[in-house]
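Observations on the three-dimensional arrangement
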Amino acid sequence: MRILRRNFWRNLACAILLAVVGVSVAANWLAPGGYAKQYREATDAGPTRQHWLGTDEIGRDRFARVLYGTRISLLLAPAAALLSTLMAALVGGLGGYLGGRWARGAMAVTDLFLSLPWLFLLITVRALMPLNVSPLASVLVTFLILGLLGWTSAARVLCSTAGSLRESDFVRQARASGIRGTRLFWIHVLPNLKPVLYAQFWISIPAFILSEANLGILGLGVAEPMPSWGSLLKELEGLVSVGEEPWKFVPLLLLVVVVTSFQLVLSKQEEVSA
């Protein structure tokens with residue numbers, strides 16, 4: 001019964017993620033006016049038939065901005081997760097497989113990055129970048145920084161796993177049979193690292209979504225007029241109560257639902273990896 005209940009929630013999480021991705025990808029059709037068009041006759045207005053979530057202080061349709069902001073996060077966070085996973089495999093996985101001074105060097109670099117507060121390091125690096133960049137460039141820069149700085153925890157896990165595989169019986173038998181170098185790594189080590197790589201990839205996606213939201217709230221994320229979950233959440237700063245303008249909490253509710261769904265999918269991935 002417990003297994004059926006878990007499968008139900010995981011399948012529901014997958015369905016929610018697919019629905020959110022599908023709706024955000026269809027933003028061009030669902031919100032043909034775009035995220036930057038201003039309706040000056042209806043600034044900071046409440047929900048209407050034309051504007052389902054109202055408009056912001058300069059008259060932009062909030063529903064359209066939620067759709068486009070969701071699409072940016074859900075498309076680019078996996079790209080940043082893929083970059084960080086590849087870097088973790090390069091630094092941690094390769095270092096653990098080579099062993100010796102390579103493993104010690106990889107762990108020294110990893111420990112150096114882990115000793116620094118990751119969010120503050122991310123904020124510092126982003127703050128050093130020009131603020132007057134184009135919106136598209138700000139999107140690429142934000143998620144590129146996330147990918148380049150978010151690999152350290154995964155690298156430690158991969159280094160330990162690769163080191164264990166390096167000393168395993170089947171790898172020793174492969175060496176004894178004459179298999180060496182890159183062939184040994186690709187045939188015997190990498191297939192056993194794939195479950196760990198998949199798990200680290202899934203772990204990184206919700207972490208990067210939340211990190212981008214934090215940067216956006218601080219004004220260091222995606223540049224205007226392009227929306228993101230961070231810039232949409234920044235509108236909540238001036239609210240006194242939840243009941244004042246509840247439609248402004250839709251981005252926050254969507255963020256919580258998406259991150260929770262990723263966590264449920266991740267628990268299923270961990271069981272498959274185990």
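Residues numbered from 1 in each chain as written. Predicted model: local features only at pLDDT ≥ 70, side-chain atom pairs only at ≥ 80, totals over all residues. Heavy atoms only, no water.

Using the criterion set out here, one finds six aromatic pairs in the structure. Measuring from ring centre to ring centre gives 5.4 Å for F8 and W9, while their planes differ by 70 degrees; the resulting arrangement is edge-to-face. Overall, the relative accessible area of 44% leaves W9 in the partly exposed class. Judged by centre distance (5.0 Å) and plane angle (45 degrees), the rings of W52 and F63 are tilted. Of the two residues, W52 sits in the loop between α2 (27-30) and α3 (62-98) while F63 sits in helix α3, which places them eleven residues apart along the sequence. Here W52 falls in the exposed class, since its relative accessible area comes to 56%. Ring pairing ties together the aromatic residues F201, W202 and F262, which thus form one cluster. (Phe/Tyr/Trp six-rings, centres within 6.5 Å; stacked < 30°, edge-to-face > 60°. Buried < 20%, exposed > 50% of the residue type's maximum accessible area, 1.4 Å probe, protein only. Helix = DSSP H or I, 4+ residues; strand = E, 2+ residues; numbered from the N terminus.)

All right, on to the side chain of T110 then. Considering the arrangement of structural elements, one finds T110 in helix α4 (residues 100-114). Filtering out sequence-adjacent residues up to four positions away, T110 remains in contact with V91, W151, T152, A155 and R156. (Contact = heavy atoms within 4.5 Å.)

Turning to unusual backbone geometry, a few remarks are in order. Across residues other than glycine, the phi torsion is negative in most instances, and most of the peptide bonds are trans. Even without a glycine there, the phi angle at D44 is positive, about 50 degrees. One can find D44 in the loop between α2 and α3. Overall, D44 belongs to the partly exposed group, its relative accessible area being 42%.

Of all residues in the protein, 94% have pLDDT values of 70 or greater, and the mean over the chain is 84. Least confident of the elements in the protein is helix α5 (residues 118-128), whose mean pLDDT is 73; most confident is α2, at 90. (pLDDT = per-residue confidence, 0-100.)

With that settled, consider the environment of M87. Along the chain, the position of M87 falls in helix α3. Taking the C-alpha atoms as reference points, M87 and L148, separated by 61 residues in sequence, lie 7.6 Å from one another. When residues no more than four places from it in sequence are discounted, the contact partners of M87 are G92, G147, L148 and W151.

Okay, a nonpolar patch on the surface next. The grouping of L90, L94, L98 and W102 at the surface amounts to a nonpolar patch, some 400 Å² of accessible area in total. With three residues, the top contributor of residues to the nonpolar patch is α3. (Patch = residues over 30% accessible without salt bridge, like charges linked within 9 Å, V, L, I, M, F, W, Y side chains within 5 Å. Areas by Shrake-Rupley, 256 points an atom, 1.4 Å probe, with all protein chains shown as cover. Salt bridge = Lys/Arg side-chain N within 4 Å of Asp/Glu carboxyl O.)

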